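# Structural description and commentary
The residues making up each chain are set out below.
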Amino acid sequence: MTERKPEDIMADHLLKGEKMLAKECKVCGSPLFEIKGETLCVVCAEQGRGEKRAPPEAPAPELPLLPAAPVGEAGAGIEAAIVSLCARIAEEGDERRCLTLMEAVRAGAEALRLLRQP
């Protein structure tokens, strides 16, 4: 079986609604995810290398959890764009374009966070 690309692995987890953190794996450099309260590298976990759990470290600033409801049409539009971008990431073969799309997803998530701040 062929090893899946890190971008494909992360896109699958994003599409499942799992939380990508603003921290990187010390083994492979991929963003860490929070799944069911546990911080781990989904790439290392799937590819069977290194530690699945993130090593303990000093707390870094993370994006806060977002409320479920979008903020008006702008929020709904950003959410739809993020879902569309994740689908494109899963199909993209060019690593540079994947990275660009993933950066757009991150920017969209940040825009949603800002829209939802009280």
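Residues numbered from 1 in each chain as written. Predicted model: local features only at pLDDT ≥ 70, side-chain atom pairs only at ≥ 80, totals over all residues. Heavy atoms only, no water.

### What about the sheet that holds strand β2 (residues 31–35)?
The 3 strands lie next to each other as β1-β2-β3, forming an open sheet whose pairing is antiparallel. The open sheet terminates on both sides in strands that have one partner only, identified here as β1 (19–24) and β3 (38–40). Strand-to-strand twist across the sheet, computed as the mean angle between neighbouring axes with direction ignored, equals 35 degrees. Bridging between β1 and β2 involves 3 bridges; their strand directions are antiparallel. Within the sheet, the bridge partner assigned to Lys19 lies in β2 and is Glu34. Along the sheet face, helix α1 (residues 6–15) touches β1 and β2 and points at about 35 degrees away from the line of β2. (Pairing = 2+ DSSP bridges. Helix = DSSP H or I, 4+ residues; strand = E, 2+ residues; numbered from the N terminus. Axes fitted to C-alpha atoms, helices over the stretch in contact; angles between N-to-C directions. Contact = heavy atoms within 4.5 Å.)

### Quick notes on unusual backbone geometry
Residue Lys36 is not a glycine yet carries a positive backbone phi of 50 degrees. Checked against the element boundaries, Lys36 lands in the loop between β2 and β3.

### Concerning helix α4 (residues 95–116)
The end-to-end C-alpha distance of α4 is 31 Å, a good match for the 32 Å that 22 residues give at a rise of 1.5 Å each. Listing the buried residues of α4 in full gives Cys98, Leu101, Met102, Val105, Gly108, Leu112, Arg113 and Arg116. Buried residues in α4, looked at end-on, bunch into an arc of 140 degrees, giving them a common side. Those residues of α4 that are buried lie in contact with α1, β1 and α3 (72–91). For α4, the N-terminal cap is Asp94; the gap from its side-chain oxygen to the backbone nitrogen of Arg96 is 2.8 Å. (Expected span 1.5 Å × (residues − 1). Buried < 20%, exposed > 50% of the residue type's maximum accessible area, 1.4 Å probe, protein only. Arc of directions from axis to C-beta. Polar contact = N/O pair within 3.5 Å; in protein donor to acceptor, adjacent residues only side chain to side chain.)

### As for the state of the cysteines
Evaluation of the coordinates by the stated rule reveals 0 disulfides. Residue Cys25 stays outside any disulfide, its sulfur separated by 3.7 Å from that of Cys41, the closest cysteine. (Disulfide = S-S within 2.5 Å.)

### Describing the packing of α1 against α3
Remark: α1 packs on α3, axes separated minimally by 8 Å, with the N-to-C direction vectors making an angle of 150 degrees. Relative to α3, the element α1 is oriented roughly antiparallel. Crossing of α1 against α3: the hand is left-handed. On the side of α1, the interface is formed by Glu7, Asp8, Ala11, Leu14 and Leu15, while α3 contributes Val83, Cys86, Ala87, Ile89 and Ala90. Considered class by class, the residues forming the contact of α1 with α3 number 8 nonpolar, no polar and 2 charged. (Parallel < 35°, antiparallel > 145°, perpendicular 65-115°, else oblique. Left-handed = near helix turned anticlockwise from the far one by under 90°. Nonpolar A, V, L, I, M, F, W, Y, C, P; charged D, E, K, R; others polar.)

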